[in-house]
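Observations on the three-dimensional arrangement
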Number of protein chains: 2
Amino acid sequence: MVRRTKAEAAATRDAILDGAEAVFFERGVAHTSLEEIARRAGVTRGAVYWHFRNKNAVFDAMLERVQLPLDELIIEIERQSGADPMAVIREIAFLGLRKLAENERYRRVYTIVFHRCEFVAAIGAVVQRRNARSRQVRAMLEAHFARAQRLGQLRTGLTPAQAASAFRAFMVGIHDDWLRDPEQFDLSAEGPAIVDVMLAGLSDQHCT
Amino acid sequence: MVRRTKAEAAATRDAILDGAEAVFFERGVAHTSLEEIARRAGVTRGAVYWHFRNKNAVFDAMLERVQLPLDELIIEIERQSGADPMAVIREIAFLGLRKLAENERYRRVYTIVFHRCEFVAAIGAVVQRRNARSRQVRAMLEAHFARAQRLGQLRTGLTPAQAASAFRAFMVGIHDDWLRDPEQFDLSAEGPAIVDVMLAGLSDQHCT
DNA sequence: GATTACATTCATTCACGTGTGTATGTATAC
DNA sequence: GTATACATACACACGTGAATGAATGTAATC
């Protein structure tokens, strides 16, 4: 069982990432060995070390598999409903919750990110990339809220930065809290109502 | 250096927990050895194994050191402002943020809980206790929001369960997001305003 | 288009370090 | 004198990373 065609090699690479996803989810990133990942993927550590430098690289690649498509979707949303900033915010929130509720891979990977790994200097590059991503998202949110403010849609007395902080905290919290115990409430059913609570807090109130 | 008085023994126990706190924070729970904890505490692994069964027991004890006082404070709050349910909610939120901003031990331990450990079956008891605690908090919140609803203080169309979910997500998110990068905004200064965004979303709107 | 030469894709093996749990030693408080 | 509060020592398992092997795809050559 050796030198395969390019397509077959790509398939084993994917199998390794699938295996990593499963084992990371079950045992946590730090507690899983490359041996377990390889076994789950039906290969040996040799294959893993061929495709990836070490466990961090596996983790990294596993993240990219779900983050890249999501980034593209967000860009798409921004282009479509670019006119109304609060609508963009709302769509992004709904998109996140829908992904969580419906896409198993997304749910599993983010469970790993939130509850099955340690964000520590040892995984270096991952942490830095995550922080960079984080600041990028924050900047995007602030820009939308600033536009909302100019349109009189932001609650009076609230700065765009504060709005961004509140919204981020809320979205991060939904992920963290719900993924910790998905049985605590029905995300598909209650999600939109819960998001609208946050949006109501952020929006200027018009009394009819 | 051996058999000490009871008070001295309790002091070394505390020193071990202090060391664990520091090393867990720096390297993550899974990546720290009892040897490192012992060294930081100025003792050997022998002392650690005498006071605790294993690393999980150390982690457990470290958590209790901050959770017990916090529980008592919340009980105190509930007794004082028992009349106004939304005021209780607000006080609890403020208390949490104040602890985060001011109490270094609280901040470090919760950084560990949120970003430096893996919640996986391997740490068994801790996970179960956390889930139990979680359901308990949720029940308390729902009770307060139910009372608020009867007083006409809850946003119309919102159920107490939804309100509890939204509030929990928000508070968890503040912890998760801010602790990941405390430099991203000034929690002491902006915290109250951000909390009030959430509360505004949860409250019924009175148009004057 | 068959052969040759080389690169790819893994499997296998080995050397090494590191952490754990326990057993044992020991001096002191009680 | 005995239980306590540690320090020391030991046996063991596990994981890593690199080195090596092996078999096949692929491309160049004739």
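Look above for the structure.
Figured I'd write up the structure that's included with this text.

Rules behind the numbers
- Residues numbered from 1 in each chain as written.
- Chains lettered and ligands numbered in written order.
- Predicted model: local features only at pLDDT ≥ 70, side-chain atom pairs only at ≥ 80, totals over all residues.
- Helix = DSSP H or I, 4+ residues; strand = E, 2+ residues; numbered from the N terminus.
- Buried ≥ 20, exposed ≤ 12 C-beta atoms within 10 Å, placed from the backbone.
- Contact = placed C-beta atoms within 7 Å.
- Core = buried A, V, L, I, M, F, W, Y, C linked by C-beta atoms within 7 Å.
- Least-squares fit on C-alpha atoms with pLDDT ≥ 70 in both.
- Axes fitted to C-alpha atoms, helices over the stretch in contact; angles between N-to-C directions.
- Parallel < 35°, antiparallel > 145°, perpendicular 65-115°, else oblique.
- Nonpolar A, V, L, I, M, F, W, Y, C, P; charged D, E, K, R; others polar.
- Expected span 1.5 Å × (residues − 1).
- Left-handed = near helix turned anticlockwise from the far one by under 90°.

If you tally the helices and strands in chain A, you get 9 helices and 0 strands. Going residue by residue from the N terminus, the α and β elements of chain A occur as α-α-α-α-α-α-α-α-α. The dimensions of chain A, computed from C-alpha atoms along their principal axes, are 75 × 35 × 30 Å. Evaluated residue by residue, chain A yields a buried proportion of 35% over its 208 residues. Within chain A, counting contacts between residues at least 6 apart in sequence, those at least 24 apart form 65% of the total.

Residues A166, F167 and F170 of chain A together with A166, F167 and F170 of chain B are the most contacted members of the largest nonpolar core, which totals 54 residues. Ignoring anything within four residues of it in the chain, the contact list for F170 of chain A reads M198 of chain A together with A169, F170 and G173 of chain B. With 42 residues, the next largest nonpolar core counts A20 of chain A together with L17, I37 and V48 of chain B among its residues.

As a further point, take the relation of the copies chain B and chain A. To go from the first copy of the chain to the second, apply a rotation about an axis and then a shift along the same axis. Take chain B, turn it by 180 degrees, move it 0.0 Å along the axis, and it overlays chain A with an RMSD of 0.1 Å. Both chain copies can therefore be described as sitting about a two-fold axis. Both copies present the same face, since 100% of the interface residues in chain B are matched by interface residues at the equivalent positions in chain A.

With that out of the way, let us pick up the packing of helix α6 (residues 104-115) of chain B against helix α8 (residues 160-180) of chain B. To characterise two packed helices, one gives the angle between the axes of the helices and the distance between these axes. Residue and element names in this part refer to chain B. At a minimum axis separation of 10 Å, α6 and α8 run at an interaxial angle of 100 degrees. Taken together, α6 and α8 sit at an angle that is classed as roughly perpendicular. Where α6 abuts α8, its residues Y110, T111, F114 and H115 lie against H175, D176, L179 and R180. Partitioned by chemical class, the residues of the contact of α6 with α8 number 3 nonpolar, 3 polar and 2 charged.

Taken together, the contacts link 43 residues of chain B with 43 residues of chain A. Residue assignment for the side of chain B that touches chain A shows that the elements contributing at least two residues are α7 (124-150), α8 and α9 (187-202) of chain B. Here the side of chain B that touches chain A gets 13 residues from one element, more than from any other, and that element is α8 of chain B. Per-class residue counts for the side of chain B that touches chain A are 22 nonpolar, 11 polar and 10 charged.

Turning next to the environment of A93 of chain A. Residues and elements named next belong to chain A. Relative to the elements of secondary structure, A93 occurs in helix α5 (residues 85-102). Taking the number of C-beta atoms within 10 Å as the measure of exposure, A93 has 21 and is therefore buried. Once residues within four sequence positions are removed from consideration, A93 is found in contact with M171 and V195.

Turning to α9 of chain B, a few remarks are in order. For α9 of chain B, with 16 residues, the first-to-last C-alpha span of 21 Å sits near the 22 Å given by 1.5 Å per residue. Those residues of α9 of chain B that sit buried are L187, G191, I194, V195, D196, V197, M198, G201 and L202 of chain B. Buried residues in α9 of chain B make contact with α8 (160-180) and α9 (187-202) of chain A together with α5 (85-102) and α8 of chain B.

Mapping Q67 of chain A onto the fold places it in helix α4 (residues 55-80). Sequence separation of Q67 of chain A and G152 of chain A is 85 residues, and the distance between their C-alpha atoms is 33 Å.

This part takes up the environment of A15 of chain A. Counting through the fold element by element, A15 of chain A comes out in helix α1 (residues 6-27). Taking the C-alpha atoms as reference points, A15 of chain A and I37 of chain A, separated by 22 residues in sequence, lie 9.4 Å from one another.

With that settled, consider the packing of α5 of chain B against α9 of chain B. Residue and element names in this part refer to chain B. Taken N-terminus to C-terminus, the directions of α5 and α9 make an angle of 155 degrees; their axes are 10 Å apart at the nearest point. Comparing the axis directions of α5 and α9 gives the class roughly antiparallel. The interaxial crossing formed by α5 with α9 has right-handed handedness. Contacts between α5 and α9 involve R90, A93, F94, L97, L100 and A101 from the former and L187, S188, G191, P192, V195 and L199 from the latter.

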